[in-house]
Amino acid sequence: MLGHRTGVIGLPLRLLAREVYDRIVAQRGPSVVALVTGEERIVPDRTQYWVCTVEAMPLEIGADFVAIDEIQLCSDPERGHVFTDRLLRARGLHETLFLGAETMRPVIAGLVKGVQFLKRERFSELSYTGSKKISRMPPRSAIVGFSVENVYAIAELIRRQKGGCAVVMGALSPRTRNAQVELYQNGDVDYLVATDAIGMGLNLDIKHIAFSATAKFDGRRMRGLFPQELAQIAGRAGRHTENGTFGVTGEARPFDDEVIEAIEGHRFTPVRKLQWRNADLDFGTAERLVRSLEAPTSNEWLTRARDADDVVSLKALMDMPEIRDKLTGPKRVQLLWDVCRIPDFRSTSTSDHTGLLARIFEFLVGRGIGGGRVPSDWLAKAVARIDKTDGDIDAISKRLAYIRTWTYVAQRKGWVDDESHWRDETRAVEDRLSDALHARLTQRFVDRRTSVLLRRLKQKETLVAEVNDKGEVTVEGEFVGKLEGFRFRQDATGSTDEAKTLRQAAVQALRPEFHLRADRFYNAPDTEMDFTEQGGLMWGTTAVGKLVKGAEALRPAVEAFVDDEAGEEAAEKVRRRLQHFIDRKVAALFEPLAAMSRDEALTGLARGFAFRLVEGLGVLPRDVIANDVKELDQDARGALRKHGVRFGQFTIFLPSLLKPAPTRLRLVLWSLWNGLDEFPESPPPGLVTIPNMAEVPKQHYTLAGYHPANARAIRIDMLERLADLLRQKDSRAGFEATPDMLSITGMTLEQFSDLMGGLGYKAEKAERPKVKAAEPAPVALIDPAAANNPIPEEVSILAPPPSSEEASVEDAPVEMEAYYTFTWAPKPRNPRPERAPRPQQGERRERPQGERPQGDRPQGERPHGDRPKGDRPQGERRDRPQGDQKGDQRTGKPQGKGKYGKQDRDDKRNEKPRQFEARPQRPEKPIDPDNPFAVLAALKTNG
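Small disclaimer: the values here were computed from a predicted structure and weren't measured. (Residues numbered from 1 in each chain as written. Predicted model: local features only at pLDDT ≥ 70, side-chain atom pairs only at ≥ 80, totals over all residues. Heavy atoms only, no water.)

Helices and strands together make up the secondary structure of the chain, namely 30 helices and 32 strands. Counting the 943 residues in the chain, one finds 43% classified as buried. Residue pairs at least 24 apart in sequence account for 68% of intrachain contacts in the chain once pairs closer than 6 positions are excluded. Surface summary for the chain: the accessible area is close to 52400 Å², and the carbon and sulfur share equals 50%. (Helix = DSSP H or I, 4+ residues; strand = E, 2+ residues; numbered from the N terminus. Buried < 20%, exposed > 50% of the residue type's maximum accessible area, 1.4 Å probe, protein only. Contact = heavy atoms within 4.5 Å. Areas by Shrake-Rupley, 256 points an atom, 1.4 Å probe, with all protein chains shown as cover.)

Laid out in structure tokens, this is it:
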């Protein structure tokens, strides 16, 4: 074309037209080159060469040269009639050139007289390679899809597996398309995902074409691609003398042998029919225009094309009464036809598109404020709604489609005021949206880090890796992972194919870092380390190891978390430091157990009992070792008490080991020793009671320092304090809860009754009038004059003054309060034996030796602490009411032997208030010289 003075070239795609325009401008300058498409119109005053889409080609300028590219599109169902019209009517004054497939040779020879055919052989070979998975796709490949959804899905898969790809679709603006193509051409990505738009005019560095599907929607139905269409796309593989390959991927079925042979040999069935629509239109009326568009043809090479979108829109607008009334002449009919030719860039429903066309037509015919133009304020609002660059890919793509409509309107001569302004404005909005779409496509479908690293790998350069203060590892400035303690966590978003290479590059920088960290960790104080309740070992907030089962429960082993790349020396240093930490932690928190196990003074049963306590990590339920406790004499118990062992009513324990820190470690050590997968966690510190959950074993509560009792579990040490108070009460006759009992447990009366039920007591609820505290009597002012007068005997100075409200108070309703009476009612462990027959009056029943007098509680009826007099850990003093002593017997107990008669008991009951004790009198025992509390008690008594 440039060999002629003037020329016009028609191209199938707006994208391709822009590319050719840029190439001509580079050679001849912008002042002589015009670009005319549906959405762009650049026409200098001294235009010599016109670069256009086929639909926008000017046919009346009389150029020396005319060329039509991809002429085989004459058979396309959608656009074929436009190409056929140019084939029949577009002619250059000196030369006309039709470029396309050889399948058009017979039909062109039959329609165009005096035509000459020139064939250019392909310099490279195209071969079929079969089916390949996307994960095994070779570099410099293009994967073809036939829908936006399919293209996006493939692009997302390639990003995850290959690091990223470029995306090319016909719906993209030239600016976006060129930016995506540049991304592929400069090597930032090695893969391209595209629609069949790449089959025309895009000359890219592609080595392999893979079809993800072999069928597409042609606007009416899904149909399979013809062999010549497959060849058009597959031909993008290979450049000049460089061979190319093609195949299938995904769910696409492999090609048949006939199709493969046709594509590789470039042999296809010749085109026999071209799509045609009458170009001699009659604008007399709308009906005559439709008839001219539907005129048939008698040419054997031509077939009438189906109604295109413009004809469908025309018929729809003709049926609208408000539009029909405005068709008053041929010019109005021609204007309506021009409006109907506005493409449906938005791909909306037919009704929406025709509604927009009707509005534009009403503006152009001069209705209302239109004045024969599209109002500028209305157009400005429409453009402003579109001029937004936020949102995702779909949102920006829709805005681009919308702005293309207004760009097309602005390009029509006489449709808007200030055409140059609106052309520049709509073009600027399209450019902004195009840049935003390119950014979103790149952000979503390209892994910048992997693409940069791949480029450096291709250049065979040594990758530079660094580790910052936060442990973040970068390779060539790109983040590839993080160093957590002594383990490298590679970024999971990286490409799987390059993961090994990236790790090798990162490890090069990590080797010296591992040794530096190991030295710093080895010299770190214990305060920087801790263990978790699941057995993890932490250095600050980073996990560096875990506890594992050792030779003994109190001697756990450790397993360090160190990567193999760190080396055996660093790993051993970390392991030794962790072992030192946990050994010191166990020794500090369980020092009482260690001291007790080392005490050589403990012998016999005491030593065995100490061994049991060490095995139980300092806490043992009393009912489990009741027999062992009974066998211990007072000397053995005293020796154990020296080590802090407390023989409680419900639990044998060391109070110092019930603190939060030892409890937390005890649960971990016990879980390790017993091989649990999930360790029980210690309750929050400071709670007296916690919920008793059925699914949690009782042993877990015991190890945590709690004793389950119905709905709640009470802390062991607080339970023993409660037991001390309960011993002062008569558990047979019944007693009420005191404020001290409720204060110890921190419970309401109802909750306390449930707890007592779990401890073996029976609670009986009743009501009684609530007693209010008496108000102090007012102090009467004594008259000095009457100070010497005697007070009559019948008058009491303590009596309150008479009040008129006394009668109303007596008539007020009595306020009731609920209270509980608790009695000892343990559940029998064995069936109750048959009771012997009651003896007759005067008959004395023989009982075995050692049987208690009637009315005494049998031995073992209720568990209790059996420490001797004065046995109590320091700081836990129990105030027990003391009765008057007579001889060596306590008040309330019979003196001497035998039984008292009823009268004697009544006399004693009348002498002083009756007192009860929850257990029988203890026999006198020698004072333990090693027990300071027993010595103090003896001194107090003797004093």
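Following the sequence through the fold, aspartate 76 ends up in the loop between β5 (65-68) and α2 (80-89). One buried charged residue, aspartate 76, forms no salt bridge at all, with the nearest opposite charge on arginine 223 at 5.3 Å. A distance of 2.8 Å separates the side chain of aspartate 76 from the backbone nitrogen of arginine 79, its partner in a polar contact. (Lys, Arg positive; Asp, Glu negative; His and termini not counted. Salt bridge = Lys/Arg side-chain N within 4 Å of Asp/Glu carboxyl O. Polar contact = N/O pair within 3.5 Å; in protein donor to acceptor, adjacent residues only side chain to side chain.)

A word on the packing of helix α11 (residues 330-340) against helix α12 (residues 350-364). Here α11 crosses α12 at 140 degrees, and the two axes come no closer than 10 Å. Here α12 runs oblique to α11, going by the angle between their axes. Judged by the sense of rotation from one axis to the other, the crossing of α11 with α12 is right-handed. Here Arg332, Leu335, Leu336, Val339 and Cys340 of α11 come into contact with α12, specifically with Leu357, Phe361 and Leu364. In the contact of α11 with α12, the residues fall into seven nonpolar, no polar and one charged. (Axes fitted to C-alpha atoms, helices over the stretch in contact; angles between N-to-C directions. Parallel < 35°, antiparallel > 145°, perpendicular 65-115°, else oblique. Left-handed = near helix turned anticlockwise from the far one by under 90°. Nonpolar A, V, L, I, M, F, W, Y, C, P; charged D, E, K, R; others polar.)

Looking now at helix α8 (residues 286-293). By the burial criterion, the buried members of α8 are Ala286, Leu289, Val290, Ser292 and Leu293. Projected down its long axis, α8 carries its buried residues within an arc of 160 degrees, all on one side. On the buried face of α8, the contacting elements are β16 (302-304), α9 (309-318) and α11. (Arc of directions from axis to C-beta.)

Moving on, we come to the confidence of the model for the chain. Overall, the predicted model of the chain reaches an average pLDDT of 81, with 80% of residues at or above 70. Considering only residues more than four positions removed or in separate chains, one finds that residues 841-920, a stretch of pLDDT under 50, has 115 contacts. (pLDDT = per-residue confidence, 0-100.)

Taken in spatial order, the three strands line up as β28-β30-β29 in an open sheet, and their pairing is antiparallel. With one partner strand each, in any of the chains shown, β28 (689-691) and β29 (706-709) form the two edges of the open sheet. Taken over all neighbouring pairs, the strand axes of this sheet differ in orientation by 30 degrees on average, direction set aside. With three bridges joining them, β28 and strand β30 (residues 712-715) adopt antiparallel strand pairing. What sits directly across from isoleucine 690, in β30, is alanine 713. (Pairing = 2+ DSSP bridges.)

Of all the residues in helix α6 (residues 227-234), the buried ones are Leu230, Ala231, Ile233 and Ala234. Projected down its long axis, α6 carries its buried residues within an arc of 165 degrees, all on one side. Considering only its buried residues, α6 is in contact with β7 (126-131), β8 (141-144), β11 (208-211), β14 (244-248) and α7 (257-265).

One pass over the structure, following the stated rule, counts 17 aromatic pairs. What links up through ring pairs into an aromatic cluster is the set Phe735, Phe752, Tyr761, Tyr820, Phe822 and Trp824. Geometry around tyrosine 184 places arginine 140 over its ring, the cationic atom sitting 3.9 Å from the centre. In this structure, lysine 549 is placed above the aromatic ring of tryptophan 673, and the distance from its NZ or CZ to the ring centre is 4.7 Å. (Phe/Tyr/Trp six-rings, centres within 6.5 Å; stacked < 30°, edge-to-face > 60°. Lys NZ or Arg CZ within 6 Å of the ring centre and 35° of its normal.)

On inspection of all chains with the given rule, the structure shows 52 salt bridges. With a shortest N-O distance of 3.8 Å, arginine 175 and aspartate 431 are connected by a salt bridge. With arginine 175 in helix α5 (residues 174-185) and aspartate 431 in helix α15 (residues 419-445), the pair connects residues that are 256 residues apart, well separated along the chain. Aspartate 431 gets classed as buried once you look at its relative accessible area, which sits at 18%. Taking the shortest distance from any N to any O, the salt bridge between aspartate 390 and arginine 399 comes out at 3.5 Å. Residue classification places aspartate 390 among the partly exposed residues on the basis of a relative accessible area of 47%. Given the relative accessible area of 16%, arginine 399 is considered buried. Because the salt bridges share partners, they merge into one network encompassing Arg14, Arg18, Asp22, Glu39, Glu40, Arg175, Arg404, Arg427, Glu430, Asp431 and Asp435.

Attention now moves to the side chain of arginine 177. Structurally, arginine 177 can be placed in helix α5. Classification of arginine 177 by relative accessible area gives buried; the value is 2%.

At a minimum axis separation of 8 Å, α5 and α15 run at an interaxial angle of 35 degrees. The two elements α5 and α15 meet at a crossing, and its hand is right-handed. For the pair α5 and α15, contact is made by Pro174, Arg175, Thr176, Ala179, Gln180 and Leu183 and by Glu430, Asp431, Ser434, Asp435, Leu437, His438, Leu441 and Thr442, respectively. Grouping the constituent residues of the contact of α5 with α15 by class yields five nonpolar, five polar and four charged.

The sheet built from three strands is open, its strands ordered β25-β27-β26 with antiparallel pairing. The strands lining the two open edges of the sheet, one partner per strand, are β25 (619-621) and β26 (646-647). Pairing analysis gives two bridges linking β26 to strand β27 (residues 651-653), with the strands arranged antiparallel. For arginine 646, the partnering residue across the bridge sits in β27 and is phenylalanine 653.

Residue alternation in β8 divides its side chains into two sets, Ser141 and Ile143 and Ala142 and Val144, and both sets are buried. Sheet topology note: the β8/strand β10 (residues 191-194) ladder contains four bridges and is parallel. Counterpart to isoleucine 143 in the pairing with β10 is valine 193. For β8 and β11, the ladder comprises four bridges, and the chain directions are parallel. Bridging across to β11, valine 144 finds its partner in phenylalanine 211.

Considering the arrangement of structural elements, one finds tyrosine 701 in helix α24 (residues 698-703). Judged by relative accessible area, which is 5%, tyrosine 701 ranks as buried. Between the alpha carbons of tyrosine 701 and serine 682 there is a distance of 8.9 Å; along the sequence they are 19 residues apart. Among all residues touching tyrosine 701, those that are not within four sequence positions of it are Ile690, Pro691, Asn692, Met693, Val696, Tyr706, Pro708 and Ala713.

Even without being a glycine, arginine 140 presents a positive backbone phi close to 60 degrees. By the element assignment, arginine 140 lies in the loop between β7 and β8. Judged by relative accessible area, arginine 140 falls into the buried class, the value being 10%. Of note, the phi angle at leucine 617 is positive, near 55 degrees, even though the residue is not glycine. By the element assignment, leucine 617 lies in the loop between α20 (604-615) and β25. Note on leucine 617: relative accessible area 1%, which makes it buried.

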